[in-house]
Amino acid sequence: MSGDSDDVSAPRGVVSPPPSAAPESLGVTTVWQARLAVPVPLGQAFTYLVPPELRDRVKRGARVLCELGKRKVLGVVLEAGERAPEIAVERMKPIAAVVDAEPVLPEELLSFLQQLASYYVAPIGGAIELSLPAVERSAAELLKATQGELGKVPAKVVGRWVQFVALATQKPLAVVPRGKAQQVLTALEGGALSAADLEKQVPGARGAVKRLAELGFVELTKREPPPETDALLGAPVTPDVPPELNPAQAAAVAAITQKLEGAERAQFLLEGVTASGKTEVYLRAAKRTLELGKSAIVLVPEIALTPQLVARFRARLGDQIAVMHSALSDSDRHRMWRGLRSGELRIAVGARSALFAPVSDLGLICVDEEHDGSFKQEEGVRYHARDMALLRAHRAGAVCVLGSATPSLSSVALVREGRLLHLRLPSRARAASILPTVEVVDIRRVGPGIAGEKLLSLPLTRALETVLAEKQQAILFLNRRGFAPSLVCEACGHVAECPHCSVSLTLHRARRSELVCHYCDYTTRVPERCQKCNSAALEEEGAGTERIESLLTERFPQARIARLDRDVAAGIKSEKVLTRMREGEIDILVGTQMVTKGHDLPNVTLVGVLNADAALSMPDFRAAERSFHLLVQVAGRAGRGSVKGKVLIQTRTPDHPAIAFAAAHDVTGFVEQEMTLREELNYPPFSRLALVRVDAVQELHAQGAAEHLARIAKKEGQGAEVLGPAPAPLLRLRNRYRYRFLVRSSDRVALRAALLAVARAPADHKVRVAIDVDPVNML
């Protein structure tokens, strides 16, 4: 084995090999070698010898078993062939076994992943892992399946297998089972059961099954578990009848299908007001893609939106749909992956990870709510699914559609550069549905409504009373979970803080009155006295979703009130709450950002934004853009049925452009003003940006490493501007001190040169360094 530089970068602390030595100096002219991507956080591929008996089977995109240090790992072949060795042959390790008869990754997907890794200065092995489910990249599973016989790898060795119990075809006559054994036989009369399901029906069945198997009453087999279709795709749906398109929808569908039918590369920005029928455009485009014999990928920003979208796609297109998101079990994710790879399933629907679906003949990628920041991966390979959707579609010769009511400024810039075709849906799809009325409430000038709480102002309280009287529904948005954001000593002003992070602890009463850190999950009981001055005068300051729910319950005891945030329904579990909302079982829904995105709830006629200023105060050049998107999106939940909706935006800064433009539904006005400001300050989309983060247990180590790497970036990135280093806004997180610096340039080459220099700098093992190209989270 030897490490050699991939076209991404050489990692910090690993020296790339020198240019190829003369073959004579190595004693060998040429040798069969393969470059492998292996699952380690190093930005390079590794070179292995290819034994003669494996030369015909080591193919690009196939998995092989190899040794990395003392571990057995699975690697993916990037290239193989005969060439001059770069180190002595005796120092190179051989490939142990070939796993796949045919490449596990199609060429289109593999080359896309290599370019992704290169763009984000990321480990090639980490990029490859994005495309493989856990059970397909596990060397431990492989070794277990082959009993360690590395040279005898069967065609199918990786997967999840469970034990099934069935009645024997010929039962012995000598013994009559009784008790638990008889209960087991009775349970099996309806057919074979998995051992787990049998245990549910007959508790304690395991011992009885073992005895029955020894006596010949039952047969034990191992099989792959059956697909849990309802759990993955939802309950069976009734085929729908496509609605009649309005002229704008028809024009958008025609433009997209023309490119699909002509097999032309094309990239669209589908801008449509909330409830304008963008999903119907995706459905029509996906249907035409299938008719042309191709596959499609549909991305949504939140796992919570997946069931709703899957149900609509199944109703229109049937069950040839795969669900892909992080909430799936390993076995379910593996099943979906195999269905897509085999061509049995033709449409992948899910969050950002669905972008890496191994579909064949990719024809279409749709990215719904393309402006949403959750499309950016914040750990590991820090890719942006929207940007990479454009890249994958372009490389595959496919069509890409980015949809949003509030397009990101980066997408608007691409339209202006002629790289995206602009389609517009200016009105709501339902004829009776119009955009809601928006009222801005200056909470500096109005009195509190419920229990003296300013966030439940008098105008909002009166609006809630009207909604409840009319048997309609309301959504209240507050992007702060918990009961109170902080616990403050009135005697000395001390705020209860996390011992591991530079943040205050949040009070959660539903969790037995605990103080919780929302960053590292540190939890402690609420103290009786101040830890600093021993005073008992501790005051709960501020309000979170939990407190708002409690106050509303006291004020409206007959109303059905629910909460939707990570504390009660994280990820896919939120669908249960949303289903209750759709079925009219909830009158008022209080929630965080989870309530703002894409939900179609026709009986919601009131939306209250309790504190519009929270996002505006973030130390981020995108704060105004993010706030504007959030306000327009949450306002779009109101009035989607036949009754006109109303939105109340509570703020202390009513004149802020993000709030004023959102209240007027003026997307164009906000974009024009924000573009002007960004151009003046030379921020994206008028420049390219990367954030280099450094953290360490000791603050001096983090600070010193950040200063050293910033000097390297300045020296090597000629033409790139280096801003910082400086402490991160959250200086301490999970017991590690954090510093960072920005690298900015209008020239991609200069920016890349600076980042590659940082990536190749010798490692200091006391610090961790992360490079974030096109950062979204500036904290």
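Keep in mind the model is a prediction, meaning the values are calculated, not measured.

What counts as what
- Residues numbered from 1 in each chain as written.
- Predicted model: local features only at pLDDT ≥ 70, side-chain atom pairs only at ≥ 80, totals over all residues.
- Heavy atoms only, no water.
- Helix = DSSP H or I, 4+ residues; strand = E, 2+ residues; numbered from the N terminus.
- Buried < 20%, exposed > 50% of the residue type's maximum accessible area, 1.4 Å probe, protein only.
- Contact = heavy atoms within 4.5 Å.
- Areas by Shrake-Rupley, 256 points an atom, 1.4 Å probe, with all protein chains shown as cover.
- 1 Å grid on protein atoms, 1.4 Å probe; cavity = no way out; pocket = protein on both sides within 12 Å on 5 of 7 lines; lining within 4 Å.
- Points joined across faces, edges and corners; volume = space filled by probe spheres on them.
- Nonpolar A, V, L, I, M, F, W, Y, C, P; charged D, E, K, R; others polar.
- pLDDT = per-residue confidence, 0-100.
- Phe/Tyr/Trp six-rings, centres within 6.5 Å; stacked < 30°, edge-to-face > 60°.
- Polar contact = N/O pair within 3.5 Å; in protein donor to acceptor, adjacent residues only side chain to side chain.
- Salt bridge = Lys/Arg side-chain N within 4 Å of Asp/Glu carboxyl O.
- Pairing = 2+ DSSP bridges.
- Axes fitted to C-alpha atoms, helices over the stretch in contact; angles between N-to-C directions.

K.L.:
Mind laying out the overall build of the chain, listing which residues take part and the relevant values?
P.N.:
Looking only at helices and strands, the chain has 22 helices and 31 strands in total. By the burial criterion, 53% of the 779 residues in the chain qualify as buried. Counting only contacts in the chain whose residues sit at least 6 apart along the sequence, the fraction spanning at least 24 positions is 76%. Surface summary for the chain: the accessible area is close to 34000 Å², and the carbon and sulfur share equals 51%.

K.L.:
Go over the layout of surface pockets, please, and point to the residues and values.
P.N.:
Taken as a whole, the second largest pocket holds about 840 Å³ of empty space. Lining the second largest pocket we find 33 residues, and of these Thr-279, Gln-308, Arg-312, Asp-600 and Arg-640 sit closest to its centre. Of all elements in the fold, only helix H10 (278-291), helix H11 (306-317) and helix H17 (574-582) reach the threshold of two or more residues within the lining of the second largest pocket. A total of four residues in the lining of the second largest pocket trace back to one element, the largest contributor, which is H11. Looking at the lining of the second largest pocket, its residues break down into nine nonpolar, ten polar and 14 charged.

K.L.:
Describe the confidence of the model for the chain, and please don't skip the residues or the numbers.
P.N.:
Low-pLDDT portions of the prediction should not be read for the details of their coordinates. Averaged over every residue, the pLDDT of the chain is 85; the share at 70 or more is 89%. Least confident of the elements in the chain is helix H1 (residues 23-26), whose mean pLDDT is 43; most confident is strand E14 (residues 362-367), at 97. Low pLDDT, under 50, characterises residues 4-26; the predicted model gives this stretch 67 contacts beyond four residues in sequence or across chains. Predicted confidence is poor over residues 147-159, with pLDDT under 50, and the contacts of this stretch with residues over four places away or in other chains come to 30 contacts.

K.L.:
Break down the packing of aromatic side chains for me, with residues and values.
P.N.:
This structure, assessed with the given rule, holds six aromatic pairs. Ring geometry for Tyr-119 against Tyr-120: centres 4.8 Å apart, planes inclined by 90°, an arrangement best described as edge-to-face. Pairing Phe-621 with Tyr-683 gives two aromatic rings, centres 4.6 Å apart and planes at 5°, and the pair type is stacked. A residue pair is termed long-range when its members are at least 10 positions apart, and Phe-621 in the loop between strand E26 (604-609) and helix H18 (623-635) and Tyr-683 in the loop between helix H20 (667-681) and strand E28 (688-696) qualify at 62 residues. Each member of the pair Phe-621 and Tyr-683 is classed as buried. Put simply, the rings of Phe-112, Phe-356 and Tyr-383 touch in pairs and so form one group of aromatic residues.

K.L.:
Which residues make up unusual backbone geometry, and what values go with them?
P.N.:
Of note, the amide linkage connecting Pro-684 to Pro-685 takes the cis form, showing an omega dihedral of 15°. Residue position: Pro-685 is located in the loop between H20 and E28. Backbone torsion omega between Gly-724 and Pro-725 reads 15°, so that peptide bond is classified as cis. Non-glycine residue Val-121 carries a positive phi angle of around 50°. Residue position: Val-121 is located in the loop between helix H2 (107-119) and helix H3 (124-129). A relative accessible area of 12% places Val-121 in the buried class. The backbone phi angle of Ala-263 is positive, close to 50°, even though this residue is not glycine.

K.L.:
Give me the environment of Asp-774: which residues, what numbers.
P.N.:
Here Asp-774 shows up in the segment after strand E31 (767-773). The buried category is assigned to Asp-774, whose relative accessible area is 19%. In the structure, Asp-774 is positioned 86 residues away from Arg-688 in sequence and 7.0 Å away in space, judged by C-alpha atoms. Those residues in contact with Asp-774, other than ones at most four positions away along the chain, are Tyr-119, Lys-376, Asp-387, Leu-689 and Ala-690. Only 2.6 Å separates the side chain of Asp-774 from the side chain of Tyr-119, close enough to count as a polar contact.

K.L.:
I'd love a proper account of the pattern of salt bridges, names of residues and values included.
P.N.:
Under the defined criterion, the tally for this structure stands at 37 salt bridges. Linking Lys-259 and Glu-264 is a salt bridge whose minimum nitrogen-to-oxygen distance equals 3.3 Å. Note on Glu-264: relative accessible area 35%, which makes it partly exposed. A salt bridge links Asp-442 to Arg-444; the shortest N-O distance between them is 2.8 Å. Arg-444 gets classed as partly exposed once you look at its relative accessible area, which sits at 49%. Each of Asp-240, Glu-280, Arg-284, Arg-312 and Arg-316 takes part in a single network of salt bridges with overlapping partners.

K.L.:
Tell me about the sheet that holds strand E20 (residues 506-508), and name the residues and values.
P.N.:
With antiparallel pairing, the three strands of this open sheet are ordered in space as E20-E21-E22. Of all strands in the sheet, those bounded by a partner on one side alone are E20 and strand E22 (523-525). Neighbouring strand axes in the sheet, compared pairwise and without regard to direction, differ in orientation by 35° on average. The pairing of strand E21 (residues 514-516) with E22 spans three bridges and is antiparallel. Paired with Glu-514 across the two strands is Arg-525, which belongs to E22.

K.L.:
Tell me what's going on with the pairing of strand E4 (residues 63-68), and back it up with residues and numbers.
P.N.:
Most of E4 is tucked away, with five of its six residues classed as buried. Inspection of the sheet shows E4 paired to strand E5 (residues 71-83) by six bridges, in the antiparallel sense. Residue pairing for E5: Val-64 is matched across the bridge by Gly-75. Counting the residues between successive antiparallel strands, the hairpin from E4 to E5 contains two residues, one of them, Gly-69, with a positive phi of roughly 65°. Both E4 and strand E6 (residues 97-98) contribute to a ladder of two bridges, which runs antiparallel. In the strand pairing of E6, Val-64 is matched with Val-98.

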